[in-house]
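# Summary of the model geometry
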Amino acid sequence: MPTMDSQGGAAAVSPAMSGPSLNQAVSMPRRILILGGTGEARRLAARLAGEKKLYPIVSLAGRTENPAQMPVPVRVGGFGGIDGLRAYLTAERIAAVIDATHPYAAQMSRHAAAACAAEGVPLLALRRQPWKPVAGDRWREVEGVPGALAALGETPRRVFLALGRNEVRAFEAAPWHAYLVRSVDPVEPPLAVPYADYVVARGPFTAEGDLELLRGHRIAVIVAKNSGGPATYGKMEAARALGLEVILLRRPAVPQVPAVETVEEVAHWLETVKAPDA
Ligand code: NAP
């Protein structure tokens, strides 16, 4: 699908979004905004793509250079804060918003809650439960990247950074560790540290593959987010098998809005949503 970038600016509409005429909204499919960036958002888009009564649009922040293909129209880039999102909801006659963002994309979730409340647009969150530790796990929860840096300590260690490429740069502050960085896009420029290896890969990842990766790089400790879901759980299983410590960034607080855990629940909920003029 064609897309258009609008990082940090006003909402952009991709050519593909010219679909239903905005003047005929009553009889036209209801326009659903899916705030994406996750596998759930992709699966939801695929689930809704064939629904004649719906016109789903996926919104991406634009964090990855080559986002996965979507079977529905996509817009890319920030809306311009709460006011920008409010303007977008009105201009695009959005009938409902599904917040299917990453659990750590809390600002977008807060903006969605505020904008939808202000415009009277129904909002539903599609949220993954966090992983829960089981016997054999050695997890330590910390506050953000500064907490992770403090937890790593001052003795050199071999560290697997399973974080976004924008977050790993902060680890330059602890150059005595040896880092293995896995990210969807290359870390450019490389980290200004003496020891760093890079793996460019997009999930899902298996426990077997991650076991091999951790063993191959003689990793002693992992820094990760508690993303939930199966796609990136492999490293947690691998860490358990190897008895490794996992430093987990605590999940940020997200607004209290109606939430479900499955794509089917979203599809069911959407049946109850009316068009803006209905
Ligand atoms: P964020 O802090 O919640 O959002 C920052 C700004 O990015 C938002 O205010 C919004 O800009 C824009 N934005 C975020 N998601 C958007 C979307 N789906 N569509 C349009 N604009 C969007 O999120 P983040 O900075 O992307 O990431 C925060 C954490 O989440 C990081 O740890 C990151 O690794 C993780 N994460 C994010 C994504 C993702 O796709 N965003 C995916 C995986 C992991 P405006 O205020 O201008 O509207």
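Reading the values: the criteria
Each residue is numbered by its place in its chain's sequence as written, counting from 1. Where totals are concerned, whole chains, interfaces and linings use all residues; where local detail is concerned, this predicted model gives features only for residues with pLDDT of at least 70, and gives and counts side-chain atom pairs only at 80 or more. The side-chain numbers reported here are obtained from all heavy atoms of the structure, hydrogens and water having been left aside. Per the convention used, a helix needs a DSSP run of H or I reaching at least four residues, while a strand needs a run of E reaching at least two, with both numbered from the N terminus. For every residue, the accessible area obtained with a 1.4 Å probe (protein chains only) is divided by the maximum for its type, and the residue is called buried under 20%, exposed over 50%, and partly exposed between those limits. Residues count as neighbours in contact if any of their non-hydrogen atoms are within 4.5 Å of one another. Residue burial considers only the protein chains on display, and all accessible areas are found by Shrake-Rupley using a 1.4 Å probe. If even one non-hydrogen atom of a residue comes within 4 Å of a molecule or strand, that residue is called near it. The definition of a polar contact used here is a pair of N or O atoms within 3.5 Å, where within protein one atom must be able to donate a hydrogen and the other to accept one, and adjacent residues in sequence count solely through side-chain atom pairs. When residues are grouped by polarity, Ala, Val, Leu, Ile, Met, Phe, Trp, Tyr, Cys and Pro land in nonpolar, Asp, Glu, Lys and Arg in charged, and all others, Gly among them, in polar. By definition, two strands form a pair when at least two bridges between them are found by DSSP. Angular values range over 0 to 180 degrees, each being the angle between N-to-C directions of two axes fitted as lines to C-alpha atoms, with helices fitted over their stretch in contact. The pLDDT value tells you how sure the predictor is about a given residue, anywhere from 0 up to 100. Paired rings are identified among Phe, Tyr and Trp, the last through its six-membered ring, by centres lying within 6.5 Å, and are further divided according to the angle between planes into stacked (under 30 degrees), edge-to-face (over 60) and tilted (the rest).

Another point: the overall build of the protein. Along the protein, the regular secondary structure elements total eight helices and twelve strands. Counting only residues that meet the buried cut, the protein has 45% of its 278 residues in that class. Taking contacts inside the protein between residues at least 6 apart in sequence as the whole, the part at least 24 apart equals 68%. For the protein, the exposed surface amounts to about 13,300 Å²; the carbon and sulfur share of it is 54%.

Let's shift gears to the environment of Val-121. Along the polypeptide, Val-121 turns up in the loop between helix H3 (106–119) and strand E5 (123–126). With residues near it in sequence (within four places) discarded, Val-121 still touches Leu-89, Ile-94, Ala-95, Ala-96, Val-97 and Cys-116.

Further remarks concern the site of the ligand. In the region of the ligand, 21 residues are neighbours, and Ser-59, Arg-63, Phe-79, Glu-167 and Lys-225 sit closest. Between an oxygen atom of the ligand and a main-chain N or O atom of Phe-79, the distance comes to 2.7 Å. Bound to the protein, the ligand loses 80% of the 820 Å² it would expose on its own. Of all the elements in the fold, those that place two or more residues in the shell around the ligand are strand E2 (54–60) and H3. For the shell around the ligand, the element with the highest residue contribution is H3, accounting for four residues. Of the residues in the shell around the ligand, the class split is seven nonpolar, ten polar and four charged.

What follows concerns the sheet that holds strand E9 (residues 196–200). Taken in spatial order, the six strands of this open sheet run E6-E11-E10-E7-E8-E9, and their pairing is parallel. Each of the sheet's edge strands pairs with one partner strand only, and the pair in question is strand E6 (138–142) and E9. For this sheet, the mean inter-axis angle between neighbouring strands, taken without regard to orientation, is 20 degrees. Judged from the five bridges that link them, strand E10 (residues 221–225) and strand E11 (residues 245–249) form a sheet pairing that is parallel.

Right, let's talk about the confidence of the model for the protein for a bit. Overall, the prediction assigns the protein a mean pLDDT of 91, with 90% of residues at 70 or greater. Low pLDDT, under 50, characterises residues 1–18; the predicted model gives this stretch 54 contacts beyond four residues in sequence or across chains. Within the model, pLDDT remains below 50 along residues 21–25, and this stretch shows seven contacts once partners closer than five positions in the same chain are excluded.

Enumeration according to the criterion identifies three aromatic pairs in this entry. Both rings, one in Phe-79 and one in Tyr-88, keep their centres 5.2 Å apart while their planes meet at 65 degrees; by these two values the pair is edge-to-face. Each member of the pair Phe-79 and Tyr-88 is classed as buried. Their ring planes at 55 degrees and their centres at 5.4 Å tell us that Trp-131 and Tyr-233 sit as a pair that is tilted. Within this pair, whereas Trp-131 is found in the loop between E5 and E6, its partner Tyr-233 is found in the loop between E10 and helix H7 (234–242), the two being separated by 102 residues in sequence. Residues Trp-131 and Tyr-233 agree in their burial class; the two are buried.

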